[in-house]
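Structural overview for review
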Amino acid sequence: MELWIPITIGAAAAQTVRFSLQKHLKATQLSTAGATFARFVYSSPFVILIAAIYASQTGQGAPDIPTAFWGYAITGGASQIGGTMCMVALFTHRNFAVGMTFKKTEVLLGALFGFLILGDTFTLAALGAIIIGMIGVILLADPPEATGSWHRRIFNRATALGIGAGIFFGLSGNGYRGAALSLGDGDFFYRAIVTLAVVTTLQAITMATWMALREKGQITRVFRVWRVAGLVGLTSMIGSIGWFSAYTLQNVAYVNALGQIELLFSLMIGAFVFGETVTRREWQGLLLLVASILLLVMVI
């Protein structure tokens, strides 16, 4: 078994737990930005520490960061902030499992961005997989309780947030892969952890500045609920180290496709933790989206 496979499965598990904790924070105590900020402010100090220790112990020292790195890193970091905020906001409109499935449009969109940004290629069969996936997304976008014309049911706030999350996360994965590969020297974990340390620090500073200016009092609330917010940071760190390492080892489309196991994790958490149910139409959308992802794995 190639190393990126167990790394990706572990990252998907950690990320599912992190999103469930953020859903809890958003529902009870924090704003969307506050729940998003928690993942960065509580994880960045530990990521920096891990990067410094690893660089020292392996003798690889401080990285020689090229100019190209910054463009990829800033694009990836900004996109991840946008995607996380979309996801946290989406959980107030749809249940946890369906919200996580919306996010999985990143697999389809990530393949497209990989082609545009990094020169990855895909075939007509892959395009067919994307179309199947979009049909699944349309079924998921139609709220079970909605009435009225189909276009008003489909083109709604939840749809916009879900597709927005997919776009942002599709961009962020390719941005991170580009940043890590641009470092050139060093083993895969060194490049991954250095990239993660830089990105999470920039994200924490950016979010803190935003909330200090636009959402006064939220930073204090984030530190006040440190028990849950700290777990968000811990699971975020574990998941991010996994994703960054996998992106350094393998094409983003393959990594994100395997990451669909997150759907199974989210269904279990949605059912056993949040007591949520999934309707027949949502199951149909889930199955179509999963089918498109499996087809994509077979043809890319």
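Attention here is on the structure that accompanies the text. Note that the structure is a prediction, hence the values are computed from the model and not measured.

If you tally the helices and strands in the chain, you get 15 helices and zero strands. Taken across its 300 residues, the chain has 53% of its residues classed as buried. Restricting the contact set of the chain to residue pairs at least 6 apart, pairs at least 24 apart contribute 86%. For the chain, the computed accessible surface area is about 13,000 Å², with 69% contributed by carbon and sulfur atoms.

Note on placement: Ala-33 falls in helix 2 (residues 32-41). Here the alpha-carbon distance between Ala-33 and Ala-208, two residues 175 residues apart in the chain, equals 9.5 Å. Discounting chain neighbours no more than four positions away, the residues touching Ala-33 are Met-85, Met-207, Trp-210, Met-211 and Glu-215.

As for its position among the elements, Phe-223 is in helix 11 (residues 218-224). When the C-alpha atoms of Phe-223 and Ala-38 are compared, they prove to be 8.4 Å apart, with 185 residues separating the residues in sequence. Those residues within four positions of Phe-223 in sequence are excluded, and the remaining contacts are Val-41 and Tyr-42.

For the coordinates displayed, the defined rule picks out five aromatic pairs. Geometrically, the ring pair formed by Trp-243 and Tyr-247 is stacked, given 6.2 Å between the ring centres and 20 degrees between the ring planes. A residue pair is termed a helical-turn pair when its members lie 3 or 4 positions apart in one helix, as Trp-243 and Tyr-247 do in helix 12 (residues 226-249) at four residues.

Glancing now at the packing of helix 2 against helix 10 (residues 188-214). Helices that pack against each other are described as a pair by the angle of their axes relative to one another and the distance between those axes. Axis separation between helix 2 and helix 10 bottoms out at 9 Å; the angle between their running directions is 145 degrees. The element helix 2 and its partner helix 10 pack so that their crossing is left-handed. Residues Ala-33, Gly-34, Thr-36, Phe-37, Phe-40 and Val-41 of helix 2 touch helix 10, and the partners they reach there are Thr-200, Gln-203, Ala-204, Met-207, Ala-208, Trp-210 and Met-211. A per-class count over the contact of helix 2 with helix 10 returns nine nonpolar, four polar and no charged.

On to a nonpolar patch on the surface, then. A surface patch of nonpolar side chains, amounting to about 340 Å² of accessible area, comprises Leu-112, Phe-115, Leu-116 and Ile-117. Within the fold, Phe-115 resides in helix 6 (residues 105-118).

Note that Phe-169 resides in helix 9 (residues 157-182). With relative accessibility at 4%, the residue Phe-169 sits in the buried group. In sequence terms Phe-169 and Val-107 are 62 residues apart; their C-alpha atoms lie 8.8 Å from each other.

Mapped onto the elements of the fold, Thr-36 is located in helix 2. On the basis of relative accessibility, which here comes to 0%, the residue Thr-36 falls in the buried class. Apart from the residues lying within four places of it in its own chain, the contact partners of Thr-36 are Gln-22, Ile-81, Thr-84, Met-85, Val-88 and Met-207.

Taking 1.5 Å per residue, 27 residues should reach 39 Å; helix 10 reaches 38 Å between its end C-alpha atoms and fits that length. Of the residues flanking the start of helix 10, the one acting as N-cap is Asp-187, its side-chain oxygen 3.1 Å from the backbone nitrogen of Phe-189.

Once that is clear, we can look at the side chain of Thr-200. For Thr-200, the position within the fold is in helix 10. Polar contacts involving the side chain of Thr-200 include one to the main-chain carbonyl oxygen of Ala-197, which spans 3.4 Å. Sequence-distant contacts of Thr-200, that is, excluding residues within four places in its chain, are made with Phe-40, Ser-43, Ser-44 and Val-47.

Moving on, we come to the packing of helix 2 against helix 4 (residues 67-90). The contact between helix 2 and helix 4 brings their axes to 9 Å, and the two run at 130 degrees. It follows from the interaxial angle that helix 2 and helix 4 lie oblique. Considering how the two elements wind past one another, helix 2 and helix 4 form a crossing that is right-handed. Contacts between helix 2 and helix 4 involve Thr-32, Ala-33, Ala-35, Thr-36, Arg-39 and Phe-40 from the former and Gln-80, Ile-81, Thr-84, Met-85, Val-88 and Ala-89 from the latter. For the contact of helix 2 with helix 4, the class distribution of residues is seven nonpolar, four polar and one charged.

About the criteria used
- Residues numbered from 1 in each chain as written.
- Predicted model: local features only at pLDDT ≥ 70, side-chain atom pairs only at ≥ 80, totals over all residues.
- Heavy atoms only, no water.
- Helix = DSSP H or I, 4+ residues; strand = E, 2+ residues; numbered from the N terminus.
- Buried < 20%, exposed > 50% of the residue type's maximum accessible area, 1.4 Å probe, protein only.
- Contact = heavy atoms within 4.5 Å.
- Areas by Shrake-Rupley, 256 points an atom, 1.4 Å probe, with all protein chains shown as cover.
- Phe/Tyr/Trp six-rings, centres within 6.5 Å; stacked < 30°, edge-to-face > 60°.
- Axes fitted to C-alpha atoms, helices over the stretch in contact; angles between N-to-C directions.
- Left-handed = near helix turned anticlockwise from the far one by under 90°.
- Nonpolar A, V, L, I, M, F, W, Y, C, P; charged D, E, K, R; others polar.
- Patch = residues over 30% accessible without salt bridge, like charges linked within 9 Å, V, L, I, M, F, W, Y side chains within 5 Å.
- Salt bridge = Lys/Arg side-chain N within 4 Å of Asp/Glu carboxyl O.
- Expected span 1.5 Å × (residues − 1).
- Polar contact = N/O pair within 3.5 Å; in protein donor to acceptor, adjacent residues only side chain to side chain.
- Parallel < 35°, antiparallel > 145°, perpendicular 65-115°, else oblique.

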